[in-house]
Number of protein chains: 2
Amino acid sequence: MSLDLTADVVTLTEALVDIESVSRNEQSITDQIEAALRQCGHLGVTRIGNSLVARTDLGSGERVVIAGHVDTVPVHDNLPSRNDGTFLHGLGTCDMKGGVAVGLKLAAGVPEPNRDVTYVFYECEEIEEVHNGLRVIAEQRPDLVQADFAILMEPSDAGVEAGCQGTLRVEVRTRGERAHSARSWKGVNAIHRAAEVLRRLDEYDARRPVIDGLEYHEGLNAVGINGGVATNVIPDEAVVTVNYRFAPDLDQEEALAFVRSFFDGFEVTLTDSAPGARPGLDLPAAKAFVAAVGGAVKPKFGWTDVARFSALGVPAVNYGPGDPSLAHKQEEHVPIEQIRRCEETMRAWLGA
Amino acid sequence: MSLDLTADVVTLTEALVDIESVSRNEQSITDQIEAALRQCGHLGVTRIGNSLVARTDLGSGERVVIAGHVDTVPVHDNLPSRNDGTFLHGLGTCDMKGGVAVGLKLAAGVPEPNRDVTYVFYECEEIEEVHNGLRVIAEQRPDLVQADFAILMEPSDAGVEAGCQGTLRVEVRTRGERAHSARSWKGVNAIHRAAEVLRRLDEYDARRPVIDGLEYHEGLNAVGINGGVATNVIPDEAVVTVNYRFAPDLDQEEALAFVRSFFDGFEVTLTDSAPGARPGLDLPAAKAFVAAVGGAVKPKFGWTDVARFSALGVPAVNYGPGDPSLAHKQEEHVPIEQIRRCEETMRAWLGA
């Protein structure tokens, strides 16, 4: 079975949504996309797992990537799609099959773009990073994703969101000494010692650096706290899990150094970390894209695969239909007008 | 089968320890104690469940209770007993079969005490209060435990520990508003709000009131803390579980009022509460006992069934062999010398 890429972009979005493709179950949707792309003589198609790379090869001096993931978070009584005339509702409408439909329409319908294009439709973005299809492609065939610029069609309300903040998590641990709570002075209460950890967090003043003209907004937050042995025991350990969302003028080492100095005097253990991505709006390809798309450029606060492109040396932005705050919500939906607008804007940018 | 109450008190302790009697499994030990007590013509014996009350009825103007529980915490590779010549080792040696053996020796061996005695050997002290044998007796036959004074033979290092502190637990709850941690400023972090709760606890200055000449020592401690939704979500709730151990000059209502005012501005929910017991050392029966036993009287910090007697209007003290800090430990043991000393001291006090 093959998708009909000559269909209207909204019809195509509906068709994509109605093929259930929760992470690790992308075989069917990828088969159907692959069959459709292989009918396009102007594209060279490579499949790696359930990810696809489709490239024009016009010998243009410039190459851009247009990418989107085909998987979704788990079904939550929100399939099949429903079109109310203004919005398309259902799992994946916003995150991010509207964007994938736009990419597919361009791949099939713009055989001679004014710059070479590498289309990437990939698996496993919504689960543990080790499975991420874009990561796998970059590791196995880095040549396939080299480009001057990349557009990740994640929902951004059909505006350009540039760069992305990095994220890291640490455990801040306090220690004490157990005792029976009837004779508490014989022990040392580790939970009480966490008072200072929380006080510093409570008084934290977020950095809001301006980078390439965009104002980022950091965050340093306890996302978990845990302590206690039994209700009659003075606890000997408390752990505060802290998430630092850092602006892309810091690399991961600098971000961790900040967190360590912030919690000076406490035991800090890094549990995970992902770099941010500078907006890169000073680069010619990015400038040209922003000029073509129009509208205000906003900073991206959440972490996306834009950072992965950035780490590969490819400046990237988010640009796609849908409100990013609806991603992963049961009631996710996408404005039909935004899907159409994204297609038209990018079609024009590619000179079609 | 019946216990031999003519045996030496240490031999009797060993025999009691070697009858496994984890809470809810007291049938066998109670059967054997009952059979032995029923051979004593000077005692009137009543059985309620797996608890026994054995009373002299000499028409003395004074009546005292000598009580001990026959159950233990679960077996932890610490049975049968082992006698190294100085200590008797094993489950229940300290908490509290040494004390029970002393009580049994007195019950059988002092047929004409100088004051009437009510011996109580009861079940289910180590588990949920609803099962507590002393509680059941007091509810079903309050007449059986009325007395001028009570000695609970819990381990107290063979010294008198008077009164006991009360205990209550509350949950102190902070609330916030969820948001994605990449846009934390759109939410309110409930864990950060707990900083003030912990600060107050950390700066708490324990009250140490002197009551009937004994210095108590209160404690107000976080014994648990919990918060967090997911590692990328600003948490909307945090709960600090706080245990207040209060001196017996406060009743439960006063203790709770103190905790509520201490956490003024926060949501405080009472989860459990048990009253303390004043030492009552000004009462003639208590004075006489302390004089007979000799040595310094210490305050009891931990909660014991002394408080239950106190609530029944019977002043009570703890007095028994064994280091109370070894109770519930795998390696519990009791000094043989203390078992013997307790028996001799009490035998003398009863005029034998």
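Before reading further, recall that the structure is shown in the block above.
Read on for a plain summary of the structure. (Residues numbered from 1 in each chain as written. Chains lettered and ligands numbered in written order. Predicted model: local features only at pLDDT ≥ 70, side-chain atom pairs only at ≥ 80, totals over all residues. Heavy atoms only, no water.)

## Overview of the overall build of chain A
So, step 1. Helices and strands together make up the secondary structure of chain A, namely 10 helices and 19 strands.
So, step 2. Along the first, second and third principal axes, the C-alpha set of chain A runs to 80 × 45 × 40 Å.
So, step 3. Evaluated residue by residue, chain A yields a buried proportion of 58% over its 352 residues.
So, step 4. Expressed as a percentage of contacts within chain A between residues at least 6 apart in sequence, the contacts between residues at least 24 apart total 77%.
So, step 5. When the accessible surface of chain A is split by element, carbon and sulfur atoms take 47% of a total near 13400 Å².
So, step 6. Charge-centre separation for chain A: the mean point of 33 positive side chains lies 5 Å from the mean point of 53 negative side chains. (Helix = DSSP H or I, 4+ residues; strand = E, 2+ residues; numbered from the N terminus. Buried < 20%, exposed > 50% of the residue type's maximum accessible area, 1.4 Å probe, protein only. Contact = heavy atoms within 4.5 Å. Areas by Shrake-Rupley, 256 points an atom, 1.4 Å probe, with all protein chains shown as cover. Lys, Arg positive; Asp, Glu negative; His and termini not counted. Charge placed at Lys NZ, Arg CZ, Asp CG, Glu CD.)

## Things to note about the sheet that holds strand S19 (residues 333-335) of chain A
All names here are of chain A.
So, step 1. Judged by pairing direction, the sheet is antiparallel, and its three strands sit side by side in the order S4-S5-S19 without closing on themselves. The strands lining the two open edges of the sheet, one partner per strand, are strand S4 (82-83) and S19.
So, step 2. By the bridge criterion, three bridges tie strand S5 (residues 87-89) to S19 in an arrangement that is antiparallel. Looking at the pairing, Leu88 lines up with Val334 of S19. (Pairing = 2+ DSSP bridges.)

## Observations concerning the pairing of strand S9 (residues 166-175) of chain A
Residue and element names in this part refer to chain A.
So, step 1. Burial analysis of S9 places eight of its 10 residues in the buried class, which makes it a mostly covered element.
So, step 2. Taken together, the seven bridges between S9 and strand S16 (residues 267-274) define a ladder with antiparallel strand orientation. Of the residues in S16, the one forming a bridge with Thr167 is Ala274.

## Some remarks on the pairing of strand S13 (residues 219-227) of chain A
So, step 1. Most of S13(A) sits out of view: eight of its nine residues are buried.
So, step 2. Both S13(A) and strand S15 (residues 237-246) of chain A contribute to a ladder of eight bridges, which runs antiparallel. Within the sheet, the bridge partner assigned to A:Leu220 lies in S15(A) and is A:Tyr244.
So, step 3. Relative to strand S13 (residues 219-227) of chain B, S13(A) runs antiparallel, the two being bridged by three bridges. Residue pairing across strands places A:Asn226 opposite B:Asn226, the latter belonging to S13(B).

## Quick notes on the interface of chain B and chain A
So, step 1. Counting residues at the interface gives 42 residues for chain B, matched by 41 residues for chain A.
So, step 2. Summed over both partners, the interface of chain B with chain A comes to about 3100 Å²; 60% of that surface belongs to carbon and sulfur atoms.
So, step 3. Here chain B is connected to chain A by zero salt bridges.
So, step 4. Every element with two or more residues in the side of chain B that touches chain A is listed here: helix H5 (190-193), helix H6 (195-203), S13, strand S14 (233-234) and strand S15 (237-246) of chain B.
So, step 5. Among the elements that line the side of chain B that touches chain A, the one with the most residues is S13(B), at nine residues.
So, step 6. Of the residues contributing to the side of chain B that touches chain A, the split by class is 18 nonpolar, 17 polar and seven charged. (Buried area = accessible area lost by both parts, 1.4 Å probe. Salt bridge = Lys/Arg side-chain N within 4 Å of Asp/Glu carboxyl O. Nonpolar A, V, L, I, M, F, W, Y, C, P; charged D, E, K, R; others polar.)

## With respect to the packing of helix H3 (residues 93-109) of chain A against helix H10 (residues 336-349) of chain A
Residues and elements named next belong to chain A.
So, step 1. Direction vectors running N to C along H3 and H10 enclose 35°, while the axes themselves pass 9 Å from each other. In the crossing of H3 with H10, the sense of the turn from one axis to the other is right-handed. Touching Gly98, Val102, Lys105, Leu106 and Gly109 of H3 are Ile339, Cys342, Glu343, Met346 and Arg347, all from H10. (Axes fitted to C-alpha atoms, helices over the stretch in contact; angles between N-to-C directions. Left-handed = near helix turned anticlockwise from the far one by under 90°.)

## Side note on the side chain of B:Glu34
So, step 1. Looking at the secondary structure, you find B:Glu34 in helix H2 (residues 27-37).
So, step 2. Other than its neighbours up to four places away in sequence, B:Glu34 contacts B:Arg47 and B:Leu52.

## Structural notes on the environment of A:Phe87
So, step 1. Along the polypeptide, A:Phe87 turns up in strand S5.
So, step 2. Under the relative-accessibility criterion, A:Phe87 is labelled partly exposed at 28%.

Don't take any of this as a statement about function, it's just geometry.
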